[in-house]
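Take a look at the letters that make up each chain.
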Amino acid sequence: SAIARSSSAAGAQIQRRGYSVHSGPERKVAVLGAAGGIGQPLALLMKLNPLVSHLSLYDIAATPGVAADVSHINTRSEVKGYAGEENIREALEGADVVIIPAGVPRKPGMTRDDLFNINAGIVKSLCTAIAKYCPHALVNMISNPVNSTVPIASEVFKKAGTYDEKRLFGVTTLDVVRAKTFYAGKAKAPVAEVNVPVVGGHAGITILPLFSQATPQANLSAEDITALTKRTQDGGTEVVEAKAGKGSATLSMAYAGALFADACLKGLNGVPDVVECSFVQSNVTELPFFASKVRLGKNGVEEVLGLGSLSDYEKEGLEKLKPELKASIEKGIKFANAN
Ligand code: NAI
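No experiment lies behind these values; they were computed from the predicted model shown.

So, how was this worked out
- Residues numbered from 1 in each chain as written.
- Predicted model: local features only at pLDDT ≥ 70, side-chain atom pairs only at ≥ 80, totals over all residues.
- Helix = DSSP H or I, 4+ residues; strand = E, 2+ residues; numbered from the N terminus.
- Rg over C-alpha atoms; globule rule 2.2 N^0.38 Å.
- Buried ≥ 20, exposed ≤ 12 C-beta atoms within 10 Å, placed from the backbone.
- Contact = placed C-beta atoms within 7 Å.
- pLDDT = per-residue confidence, 0-100.
- Axes fitted to C-alpha atoms, helices over the stretch in contact; angles between N-to-C directions.
- Parallel < 35°, antiparallel > 145°, perpendicular 65-115°, else oblique.
- Left-handed = near helix turned anticlockwise from the far one by under 90°.
- Nonpolar A, V, L, I, M, F, W, Y, C, P; charged D, E, K, R; others polar.
- UniProt positions renumbered as here; feature names shortened; annotations may be inferred.
- Near = placed C-beta within 6 Å.
- Expected span 1.5 Å × (residues − 1).

Further remarks concern the overall build of the protein. Along the protein, the regular secondary structure elements total 12 helices and 11 strands. Taken against the 2.2 N^0.38 rule, which gives 20 Å for 339 residues, the C-alpha radius of gyration of the protein at 19 Å falls within 12% of a compact globule. If one aligns the C-alpha atoms of the protein with their principal axes, the spans along those axes are about 60 × 50 × 40 Å. Burial statistics for the protein: of 339 residues in total, 48% are counted as buried. The contacts in the protein between residues at least 6 apart in sequence include a share of 69% that link residues at least 24 apart.

Before going further, it helps to examine the confidence of the model for the protein. For the protein, the average pLDDT comes to 94, and 93% of its residues sit at 70 or higher. The model gives residues 1–19 a pLDDT under 50, and that stretch makes 13 contacts with residues more than four places away or in other chains. For this predicted complex, the interface score ipTM comes out at 0.99, alongside a pTM of 0.94.

What describes two packed helices is the angle between their axes and the distance between those same axes. Following both chains from N to C, one finds helix α8 (residues 173–187) and helix α11 (residues 251–268) inclined at 110 degrees, their axes separated by 8 Å at the closest point. One way to sum up the angle between α8 and α11 is to call them roughly perpendicular. Crossing of α8 against α11: the hand is right-handed. Here α8 contributes Thr173, Leu174 and Val177 to the contact with α11, which in turn contributes Ser252, Met253, Tyr255, Ala256, Gly257, Leu259 and Phe260. Grouping the amino acids of the contact of α8 with α11 by side-chain chemistry returns seven nonpolar, three polar and no charged.

This next bit is on the UniProt feature "domain: Lactate/malate dehydrogenase N-terminal" (unreviewed entry) in the protein. When the UniProt feature table is mapped onto this chain numbering, "domain: Lactate/malate dehydrogenase N-terminal" (unreviewed entry) sits at residues 28–170. Counting secondary structure, residues 28–170 comes out at 39% helix and 20% strand; the distance between its end C-alpha atoms is 19 Å.

What follows deals with the environment of alanine 137. Mapping alanine 137 onto the fold places it in the loop between α6 (116–133) and β5 (138–141). According to the C-beta neighbour criterion, alanine 137 is buried, with 25 such atoms within 10 Å. Spatially, the C-alpha atom of alanine 137 lies 9.8 Å from that of aspartate 164, the residues being 27 residues apart in sequence. Setting aside residues up to four positions removed in sequence, alanine 137 forms contacts with Ala95, Asp96, Val97, Val98, Ile130 and Arg167.

The subject of this paragraph is the site of the ligand. As a structural note, the neighbourhood of the ligand is formed by 32 residues, with Gly33, Gly36, Gly37, Ile38 and Asn144 the closest of them. Per-element tally for the shell around the ligand: the top contributor is α6, with four residues. Taken together, the residues that form the shell around the ligand break down as 17 nonpolar, 13 polar and two charged.

For the bond from asparagine 144 to proline 145, the omega torsion is -5 degrees, close enough to zero to count as cis. Turning to its location among the elements, proline 145 is positioned in the loop between β5 and α7 (146–160). Looking along the chain, the bond that leaves threonine 215 and enters proline 216 is cis, with omega of -10 degrees. Mapped onto the elements of the fold, proline 216 is located in the loop between β8 (207–209) and α9 (222–233). Of note in the backbone geometry, alanine 62 takes a positive phi value of approximately 75 degrees without being a glycine. With respect to the element layout, alanine 62 can be found in the loop between β2 (54–59) and α4 (63–71). Alanine 62 sits in the partly exposed class, given 16 other C-beta atoms within 10 Å.

What follows covers the packing of α8 against α9. α9 packs onto α8 with a crossing angle of 145 degrees between their chain directions and a minimal axis gap of 9 Å. Once α8 is placed against α9, the crossing between them reads as right-handed. Residue-level contacts link Asp175, Arg178, Ala179, Phe182, Tyr183 and Lys186 of α8 to Asp224, Leu228, Arg231 and Thr232 of α9. Tallied by class, the residues present in the contact of α8 with α9 amount to four nonpolar, one polar and five charged.

Now for α7. Taking 1.5 Å as the rise per residue, α7 with 15 residues should run 21 Å; its terminal C-alpha atoms sit 21 Å apart, in good agreement. Along α7, 11 of the 15 residues are buried, which leaves the element largely enclosed by surrounding structure. If you follow the buried residues of α7, they end up packed against α6, β5, β6 (168–170), β9 (274–281), β10 (289–297) and α12 (312–338). Glycine 161 occupies a position one or two residues after α7 and carries a positive phi of about 75 degrees.

Next comes the structure, spelled out in structure tokens:
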């Protein structure tokens with residue numbers, strides 16, 4: 001909407017998109033893993049967000065350079081870089097939103113679950129620090145496998161006595177971004193007007209786009225819907241293969257992460273009707289965590305919305321994904337309690 005409204009010269013457009021006269025309350029956003037492939041462009045995009053007053057960039061190394069670089073951009077937020085565990089306290093204290101893209105990405109032939117052994121430990125230690133230094137922050141989990149790292153975070157927070165299910169989010173926004181892009185292409189619809197809910201989880205068949213609810217509506221064939229569904233589910237792998245060993249999605253993920261964090265900030269600031277899909281604690285199915293539309297508010301999750309009516313194809317997809325998602329959730333919980 002802000003983008004649609006600015007129609008004058010390109011420079012003025014950027015100005016109006018990037019800055020706002022009423023930028024609202026002070027909000028600190030911390031990015032953990034800020035020197036990485038996702039972390040760097042995400043730091044850039046968060047620096048452009050007028051809702052952010054303090055941008056904290058944390059990684060095990062290389063953050064001073066990223067922070068110095070990003071800090072020269074003349075937008076609202078004050079940027080600080082923190083490198084090394086001895087500085088994580090300062091990086092986190094006072095944070096309203098913590099975004100976590102820390103951990104290793106996939107290489108060709110790997111599933112997200114293949115990352116479990118390394119990333120589970122990273123997420124566990126970062127969440128332990130969050131419980132200590134900013135227990136009330138909204139946590140945006142990007143590190144894969146999200147289907148397991150979110151349950152790990154919940155267990156860490158439970159043990160620390162800080163768990164609030166309203167404040168923990170698995171970032172599945174990239175699945176929505178992909179579904180919208182791919183649908184717009186097939187439906188020949190203007191991509192900016194397209195909406196597609198994506199539910200379930202964030203890996204392979206657990207990613208369930210609900211094209212029957214896509215808007216604007218288009219009369220796509222069953223074959224088209226199957227192809228779109230598969231492409232959305234395999235979107236990450238498409239990028240992993242194209243990058244041929246140099247990692248997974250970073251730029252589109254940074255965009256998606258920035259979009260989701262912006263929604264969280266808007267919710268915190270009391271903007272009404274902020275709805276995004278996210279992998280959260282849920283009663284929508286029998287599984288303890290599930291991605292669906294979520295209404296965001298001043299305390300994080302305000303309402304987990306139901307799935308709405310599904311096509312037969314989607315109903316089938318939902319039943320098929322449950323065992324895999326259940327196993328990934330249980331794997332995370334088991335890890336958190338065993339280590
Ligand atoms: P990368 O390897 O380029 O960057 C990861 C960063 O994390 C590095 O800078 C590294 O130093 C840092 N890091 C490692 N251990 C850390 C720790 N203990 N504390 C703080 N920082 C630490 O990887 P990339 O491409 O940025 O991906 C990051 C994660 O995001 C991966 O797990 C990947 O699978 C996931 N991802 C998630 C997506 C989603 O849709 N949720 C989409 C794409 C990637």
